Amino acid sequence: MAAPVDLVFAPPRRGRPPRHLADLTPAERREALVELGEPAYRARQLSKHYFGRFLDSAEEMTDLPLGSRERIGAGLLPDLLTPVRTLTCDGGATVKTVWRLFDGALVESVLMRYPGRVTMCVSSQAGCGMACPFCATGQAGLTRNLSAAEIVGQVVAGARLLASGAVAGGPGRVSNVVFMGMGEPLANYKTVISTVRRLTEAVPDGLGMSQRGVTVSTVGLVPRIRQLTEEGLAVTLALSLHAPDDELRDELVPVNTRWKVGEVLDAAWEYADRTKRRVSIEYALIKDVNDQAFRADLLGRLLAGHLVHVNLIPLNPTPGSKWTASRPEDEREFVRRLEAHGVPVTVRDTRGQEIDGACGQLAAKES
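Rules behind the numbers
Residues numbered from 1 in each chain as written. Predicted model: local features only at pLDDT ≥ 70, side-chain atom pairs only at ≥ 80, totals over all residues. Heavy atoms only, no water. 1 Å grid on protein atoms, 1.4 Å probe; cavity = no way out; pocket = protein on both sides within 12 Å on 5 of 7 lines; lining within 4 Å. Points joined across faces, edges and corners; volume = space filled by probe spheres on them. Helix = DSSP H or I, 4+ residues; strand = E, 2+ residues; numbered from the N terminus. Nonpolar A, V, L, I, M, F, W, Y, C, P; charged D, E, K, R; others polar. Salt bridge = Lys/Arg side-chain N within 4 Å of Asp/Glu carboxyl O. Buried < 20%, exposed > 50% of the residue type's maximum accessible area, 1.4 Å probe, protein only. Phe/Tyr/Trp six-rings, centres within 6.5 Å; stacked < 30°, edge-to-face > 60°. Core = buried A, V, L, I, M, F, W, Y, C linked by side-chain atoms within 4.5 Å. Contact = heavy atoms within 4.5 Å.

A few words now on the layout of surface pockets. By volume, the second largest pocket amounts to about 610 Å³. If you trace the second largest pocket, you find 21 residues lining it, with Arg16, Leu146, Ser147, Asn188 and Thr191 closest to the centre. Of all the secondary structure elements, the ones that give two or more residues to the lining of the second largest pocket are β6 (142-145) and α6 (189-200). In terms of residue count, the dominant contributor to the lining of the second largest pocket is α6 (4 residues). Considering only residue class, the lining of the second largest pocket consists of 8 nonpolar, 6 polar and 7 charged.

See the structure below:
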């Protein structure tokens, strides 16, 4: 049995970031502008610039009165994300950024350009309280939850970079957002749901993305999965399973000591039944730990017949860790056995290994 691990669901008390346009609903933006002594209709002007043109400085918004720009900027467009380091790889198609937040905390986002789509991987917390031993972020502990604007700001920064043509492949737009960066998204539930609505509301209320282009990942917070099922959203649920049996999963994903594999999968199937959306099972293949043929068969039996897809992830090892990626022949056999059970499976296209692509690695180096 795995040794008890301290799981952290409630973040330490810290100061909140200043209010930002992206934290607010359209009605709240109008109220905020009136509070600042501006006409309510300026909220739409401001939103068009931020969500439609990806401008984050009032000084660049030349249709705002000169005398209003400083007041509006201070009141609704504070600097929330300061780039500390940006690295590129994959011929310039992958861009990883470490951001310093207002209180000095560090988070990461990654822009990944593939043929036909651009995906942004965003952080929802600074650090993580789920303590998964093979994850750099999990070993760092939880610093705090991010605000909606801090998460949206990561996507807007990526959208701005794409629109400028600075990413290999020329100008483009962000088509997908995955909450698979630092943090456990469902431990910051209310904010993540607000963020999803900001991302998917039509411009200028939000970024105008499709809900089907958004993936929310979780290690298996069963009450929150059930709450998500009731939201009426069409986002993809990604379950970080990593082991099909409770004995091993207790060690790899410590939250399993609270909600077992069967409970987590039952909640996932309820989500799939309600939304008609295929659940993505995330499974990091770790050499001689969870990549055995018998575990592939056990996983296949658990998933067969459900609306599901397995995303096998060759582990991107963290420096000094005992955990490393599976042998190619073991990976191939794992795929073969899942397919034999009729379970759709793909092996994730690994990105960013040469720039510390595993979540939390680059932020850990910077701190």
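What follows deals with the pattern of salt bridges. This structure, assessed with the given rule, holds 20 salt bridges. A salt bridge links arginine 14 to aspartate 103, with the nearest nitrogen and oxygen atoms 3.1 Å apart. Separated by 89 residues along the polypeptide, arginine 14 in the segment before α1 (26-35) and aspartate 103 in the loop between β2 (94-100) and β3 (106-114) bring together distant segments of the chain. Judged by relative accessible area, arginine 14 falls into the partly exposed class, the value being 39%. For aspartate 103, a relative accessible area of 25% translates into the label partly exposed. Where arginine 71 meets glutamate 38, a salt bridge forms, and the shortest distance between an N and an O atom there is 2.5 Å.

Time to look at the packing of aromatic side chains. Applying the stated rule across the entire model yields 3 aromatic pairs. Seen in terms of ring centroids, tyrosine 50 and phenylalanine 51 are 5.0 Å apart; in terms of plane orientation they differ by 90°. Their pairing is edge-to-face. We note that tyrosine 50, like phenylalanine 51, is buried. Taken together, a centroid distance of 5.1 Å and an interplanar angle of 40° make the contact between tyrosine 283 and phenylalanine 334 tilted. Of this pair, tyrosine 283 sits in strand β10 (residues 279-285) while phenylalanine 334 is found in helix α11 (residues 328-340), placing the two residues 51 residues apart along the sequence. Residue class for tyrosine 283 comes out buried when judged on its relative accessible area of 0%. Take phenylalanine 334: its relative accessible area is 1%, and that puts it in the buried class.

A few words now on the nonpolar core. Counting residues in hydrophobic clusters, the biggest one holds 105 residues, and the most contacted among them are Leu46, Val177, Phe179, Leu252, Ile281 and Leu303. Aside from chain neighbours lying at most four places away, what touches leucine 252 is Cys132, Pro133, Phe134, His242, Ala243, Ile286, Val289, Asn290 and Trp323.

If you check which residues of helix α10 (residues 293-303) are buried, you get Arg295, Ala296, Asp297, Leu299, Gly300 and Leu303. Looking one or two residues past α10, glycine 305 carries a phi angle of roughly 90°, positive in sign.

Next up on the list: unusual backbone geometry. With an omega of 10°, the peptide bond running from valine 203 to proline 204 counts as cis. If you trace the backbone, proline 204 turns up in the loop between α6 and β8 (214-218). Positive phi is not limited to glycine here, since aspartate 90 has a value of about 50°. Inspection of the secondary structure puts aspartate 90 in the loop between β1 (82-89) and β2. For aspartate 90, a relative accessible area of 32% corresponds to the partly exposed category. Although it is not a glycine, histidine 242 sits at a positive phi angle of roughly 70°. The topology assignment puts histidine 242 in the loop between β9 (236-240) and α8 (246-252). Take histidine 242: its relative accessible area is 7%, and that puts it in the buried class.

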